[in-house]
Amino acid sequence: MSDPIHEHDTAAAGLDLVANAAAPYLRSLATRPVHDRTRDGLLAELEGPLPAQGVGGPAAVAELLRIGTGAATHVSGPRFFHLVTGGSTPAAMAGDWITSLLDQAGGIWIASPFAARAETVVLGWLKELFGLPASYGGVLTPSATLAHVAGLAAARAWWAGKHGVDVSSQGLAGLPRMPVLSSGLVHVSTRKALQILGCGRDTLQTFARDDSGAIDLPALEEALTRGGPAVIVGNLGDVNTGASDPLDDLADLAERHGAWLHVDGAFGMFAALSPRTAHLARGAARADSITADGHKWLNVPYESGFSFVRDQDDLSRAFGAWGAAYLPEPGDDRVNYNTYGPESSRRARALPIWATLRAYGRDGYRAMVERHLDAAAHLGKLVESAPDLELLAPVQLSIVCFRYRPPGVPEEELDALNARLGARLLADGRVYAGTSTYRGMTVFRPAMVNWRITTAEAEQLITVLRELAAGLG
């Protein structure tokens, strides 16, 4: 009786439940805790043996809605400052629902010209948004990590070609180690991409002039002079401080030494939107490959990443040429995006991006970015003026790096104190901002990238932090 064919005429019943729950849930985000630990007991209701007889679509959806709206971490709300994670704009969320409703195969043009054309359009819009050349190729990916995989796979194919090897068909055997050079700002997702590609996550060399991770350009250039073809990774927007590498200088080095420049712009590419921060992104348009992340500052649902390359053929060399008889040959307007990235089966992830860019445009996103810059700057001033807080890095983008430092507490006790305060903050759940490590210190690094955030939420973070600190004794 539970065969889904029996719900043929009532297929929308479960969707109606979700639609009816959406409005009250979204309204509640303004006041509900980011995470309510008292509701964690609901998670046990997800468990149990696989049912032999299902309960039917509407009953299952109602159950999942009840558990999820109670026990989820409410990332879409305005007080989630953790992990540099945005929410979903209203248009992006609706676009994501359309993606599920239409369920298009996004990788093969013949399966969905609609999905293929939408991806081509949004890649063009994103290049306009970031100020990248229209001639650059690109592909949408599920994450920044897989965007790195795409860009660095193109770099690997280029590098192997310099050694006379088609790495896509022959592999890495017999080749030397691919030199990958960066600053101390390099993110773990870059290392993970190198691990996935068989290059080794720990082969990446860093050149930093101090423990902040700031790049040592002379040392990097010396390494480029000693070696053969190399890959330089420039970092735009560090996750602890928002700091960036000087991309123009790295582009100059890449040109002088015949290197490939790969830019990690996971959230920092959005600096290009505001005249106040555009200088940080200067030089990105000279890179050979650039990555960015949609579920950060673009505020579209997970999973969303972008990889742009100077030459689209570099991506097809890395991921195409399958030789499957059922795959049609691409044409000028018939793009098979599964030949440009690591996925074969892929959803039409362009639709939420199309919806949000169509809804708010360049000006809307510039306004949002500048509102977040204002909120971060305001939080930085609150920290600087507080006798019990210490700002640890200049506020450059939308991240504020600081620690709790009450008078009279010895330096050697501050890390443990901040770790305890961070744990209390997450357990309290009203405001979500975990700790990290910067220059060997345990720190807070709240990120303002959610479209709902204003200076009011930045002030609330300080208020809750102080309240919880008072209870530490």
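A brief report on the enclosed structure follows. All of these numbers come straight from a predicted model, not from anything done at the bench.

1. Description of the packing of aromatic side chains
For step 1, the next point in the chain: Counted according to the given criterion, the structure contains 12 aromatic pairs.
For step 2, the next point in the chain: An angle of 50° between the planes, with centres 5.7 Å apart, marks the rings of tryptophan 158 and tryptophan 260 as tilted. Placement of the pair is tryptophan 158 in helix 5 (residues 144-162) and tryptophan 260 in strand 5 (residues 260-264), with a sequence separation of 102 residues.
For step 3, the next point in the chain: Taken together, a centroid distance of 6.0 Å and an interplanar angle of 70° make the contact between tyrosine 337 and tyrosine 340 edge-to-face. The exposure classification of tyrosine 337 matches that of tyrosine 340, with both residues buried.
For step 4, the next point in the chain: An aromatic cluster is defined as three or more aromatic residues linked by ring pairs; in this entry it consists of Phe130, Phe267, Phe270, Trp297, Phe306 and Phe308.

2. Quick notes on the sheet that holds strand 7 (residues 305-309)
For step 1, the next point in the chain: If you walk across this open sheet you meet the seven strands as 1-7-6-5-4-2-3, and the pairing is mixed. Single-partner strands in this sheet number two, and they are strand 1 (137-141) and strand 3 (205-206).
For step 2, the next point in the chain: Pairing analysis gives three bridges linking strand 2 (residues 180-182) to strand 4 (residues 231-235), with the strands arranged parallel. Across the sheet, the residue bridging to valine 180 is valine 231, located in strand 4.

3. Digging into the pairing of strand 7
Each regular strand carries side chains that alternate between the two faces of the sheet.
For step 1, the next point in the chain: Most of strand 7 sits inside the fold, with five of its five residues counted as buried.
For step 2, the next point in the chain: The pairing of strand 1 with strand 7 spans five bridges and is classified as antiparallel. Across the sheet, the residue bridging to threonine 141 is glycine 305, located in strand 7.
For step 3, the next point in the chain: Summarising the sheet, strand 6 (residues 289-293) and strand 7 pair through five bridges and their orientation is antiparallel. Bridge pairing in strand 7 places alanine 292 opposite phenylalanine 306.

4. Let's talk about empty space enclosed by the protein
For step 1, the next point in the chain: Going through the model one piece at a time under the given rule, you end up with three cavities of 30 Å³ or more.
For step 2, the next point in the chain: Size it by volume and the largest cavity reaches roughly 40 Å³.
For step 3, the next point in the chain: Forming the boundary of the largest cavity are Asp96, Val300, Pro301, Tyr302, Glu303, Ser304, Arg347, Arg349 and Pro352.
For step 4, the next point in the chain: Its residues assigned to classes, the lining of the largest cavity shows four nonpolar, one polar and four charged.

5. Points about the side chain of threonine 339
For step 1, the next point in the chain: Examined against the element boundaries, threonine 339 turns out to sit in the loop between helix 11 (312-319) and helix 12 (350-385).
For step 2, the next point in the chain: Of the polar contacts made by the side chain of threonine 339, one reaches the backbone oxygen of asparagine 336; its length is 2.6 Å.
For step 3, the next point in the chain: Those residues in contact with threonine 339 that lie beyond four places of it in its chain are Leu315, Ser316, Phe319 and Gly320.

6. Details of the nonpolar core
For step 1, the next point in the chain: If you look at the biggest cluster of nonpolar residues, it comprises 90 residues, and the most contacted ones within it are Leu126 and Phe130.
For step 2, the next point in the chain: Sequence-distant contacts of leucine 126, defined by excluding residues within four places in its chain, comprise Leu140, Leu298, Phe306, Phe308, Ile353 and Leu357.
For step 3, the next point in the chain: Core analysis: the next-biggest nonpolar cluster, separate from the first, contains 27 residues, Phe402, Leu425, Ala433 and Leu465 among them.

7. Overview of the pairing of strand 5
For step 1, the next point in the chain: In terms of residue burial, strand 5 counts as a mostly covered element, since five of its five residues are buried.
For step 2, the next point in the chain: Burial along strand 5 is two-sided: Trp260, His262 and Asp264 facing one way and Leu261 and Val263 facing the other are all buried.
For step 3, the next point in the chain: In this sheet, strand 5 lies alongside strand 4 in parallel orientation, the contact comprising five bridges. Among the inter-strand pairings, valine 233 is bridged to a residue of strand 5, identified as histidine 262.
For step 4, the next point in the chain: Bridge analysis of strand 5 against strand 6 gives three bridges, and the strand direction is parallel. Paired with aspartate 264 across the two strands is threonine 291, which belongs to strand 6.

Scoring rules and cut-offs
- Residues numbered from 1 in each chain as written.
- Predicted model: local features only at pLDDT ≥ 70, side-chain atom pairs only at ≥ 80, totals over all residues.
- Heavy atoms only, no water.
- Phe/Tyr/Trp six-rings, centres within 6.5 Å; stacked < 30°, edge-to-face > 60°.
- Helix = DSSP H or I, 4+ residues; strand = E, 2+ residues; numbered from the N terminus.
- Buried < 20%, exposed > 50% of the residue type's maximum accessible area, 1.4 Å probe, protein only.
- Pairing = 2+ DSSP bridges.
- 1 Å grid on protein atoms, 1.4 Å probe; cavity = no way out; pocket = protein on both sides within 12 Å on 5 of 7 lines; lining within 4 Å.
- Points joined across faces, edges and corners; volume = space filled by probe spheres on them.
- Nonpolar A, V, L, I, M, F, W, Y, C, P; charged D, E, K, R; others polar.
- Polar contact = N/O pair within 3.5 Å; in protein donor to acceptor, adjacent residues only side chain to side chain.
- Contact = heavy atoms within 4.5 Å.
- Core = buried A, V, L, I, M, F, W, Y, C linked by side-chain atoms within 4.5 Å.

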